Structure formats: structure tokens, C-alpha cells
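# Observations on the three-dimensional arrangement
Each chain, letter by letter, is given below.
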Amino acid sequence: MDNQPFGAPAPQPAPASAPQSFDGGDYLNQISVKPSGKTSLLNNKMILILGGILVLAVILLFVSLLNRGGQSPKQSTETLYLRMTNLQATATKYQKYLKSSKLRAINTSFLTQMTNTQRDLTTQMTALDIKPDKISKETKQKETDYIAKINTSLENARLNVALDRNYAREMAYQIGILLATMQKIEKSAKPEFKTFLSGAQENLKVYSDQFSKFSDG
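Read on for an overview of the structure.

### Some remarks on the packing of aromatic side chains
Enumeration over the complete set of coordinates arrives at 5 aromatic pairs. Plain terms: the ring middles of Tyr 94 and Tyr 97 are 5.9 Å apart, the flat faces sit at 55° to each other, and that makes the pair tilted. Residue Tyr 94 is classed as buried on the basis of its relative accessible area, which comes to 0%. A network of ring pairs unites the aromatic residues Phe 110, Tyr 167, Tyr 207 and Phe 211 as a single cluster.

### Describing the packing of helix H4 (residues 101-127) against helix H7 (residues 191-213)
Interhelical geometry of H4 versus H7 gives an angle of 170° and a closest axis separation of 10 Å. It follows that H4 is roughly antiparallel to H7 by the angle criterion. Within the contact between the two elements, H4 uses Leu 103, Ile 106, Asn 107, Ser 109, Phe 110, Gln 113, Met 114, Thr 117, Asp 120, Leu 121 and Gln 124 and H7 uses Glu 192, Phe 193, Phe 196, Ala 200, Asn 203, Leu 204, Tyr 207, Gln 210 and Phe 211.

### With respect to unusual backbone geometry
With phi around 60°, Asp 129 is a residue other than glycine that occupies positive phi space. In this structure, Asp 129 sits in the loop between H4 and helix H5 (137-159). A positive phi angle, near 55°, is found at Val 161, a position not held by glycine.

Each value, and the rule that gives it
Residues numbered from 1 in each chain as written. Predicted model: local features only at pLDDT ≥ 70, side-chain atom pairs only at ≥ 80, totals over all residues. Heavy atoms only, no water. Phe/Tyr/Trp six-rings, centres within 6.5 Å; stacked < 30°, edge-to-face > 60°. Buried < 20%, exposed > 50% of the residue type's maximum accessible area, 1.4 Å probe, protein only. Axes fitted to C-alpha atoms, helices over the stretch in contact; angles between N-to-C directions. Helix = DSSP H or I, 4+ residues; strand = E, 2+ residues; numbered from the N terminus. Parallel < 35°, antiparallel > 145°, perpendicular 65-115°, else oblique. Contact = heavy atoms within 4.5 Å.

The following block contains the structure:
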């Protein structure tokens, strides 16, 4: 017999808690971790950094390929020497075929300037230990083929009685190439060689202008 007072209502059992319904969607939402704005920002920065590195790598590769395909200062100097030598020979050969006395006068002065420039270039090459007789056969052959095409073009012009204007145009163009080659060498040349190249360019520009302005009309 329990000690509950007489007449008090009997205690009622506690109601059982209602079972919770399982919602799969809510569960997935709870366990999934949404990336914070800070994490997203870091990811974007990382993508930009990696993209920048990739672009820089492509640029460096491109520059490397360009440099690999170009000539060294020594090779450019050798090419300049051969080009000037061959061009002098061509200018001498066609001097007698030029009909215009004005063009012949320009060409005579040009030949004198080329002789002086070639002499000074040889002196500079000696100081740099670049020997004309040690130039590779490949470079010599390349320059021989180059001047041969020029001579063929000029000979065709002579046979078609159109030498003067074609000769003047060709020489203006070839001097332009000489100037471009000198500018390239000048970028890495020693002070004395750089001074020579600068002066040579000024002298040759005069003849580039004279040949380009010549008209046989």
C-alpha cells in the first residue's frame, strides 16, 4: 500500500514524446557545408594567379623560340660583312650599265662609302676576334644564294631595258636591310663598335634616301 493521501487523484503517466518525422532533404541540407564567401574569394584568386603564371610561361617560351631562331651578335656581324662585300660587287658590276648620269653619280659615291665602311668594319671585326676567313660555309652559302637572286633580278631588268629604276629601288631596299642589321648588332655592341655602327648608319641613310627618290622619268 503506497503512501499517497486518501482521496488524491492517481498520478497520470507522462505522455510519450511524439516520434520525429525523417525528412531526407533537411538531412542533406544539414550535412552539406556551404562554402563561405571567403573560401570562394580565395579560389578565384588562386585561379587568377595560376592563369597569370601560365600566360607568363607562354610568353617566355615564345621569346625563347624567337631568340633561338635569330642570329647571335657575332653571326649578325659576319652576315653584315658578307652582305656588304657582295653588294659592293653587284654595285660595281652594274655601274657601267646604268643609263642615267645622275644615278651613276649616286652609285659611284655609294661605292666609295661602302669601301670605307667595309674597311672600318674589318678593323672592328679584328678587334672583336671575328675573322672573315673563319666564317662558316653555311653562312657564306646563304649569302651567296641571297645575292644571286638580286643579280638575277637586276639582269632581267637590264635585258628588259628597265635597269635604272629597278636598280635604284633594289639598292634602297638593300641598304635598309643593312641599316636594320646594324641596329640589331648595336644593341649589344661594345662602345667602340657601337660608335662605328652609329656613324655607318648615318652615312648609309643618305644613299638610301637618294636611291629611293631617284626617278628615271
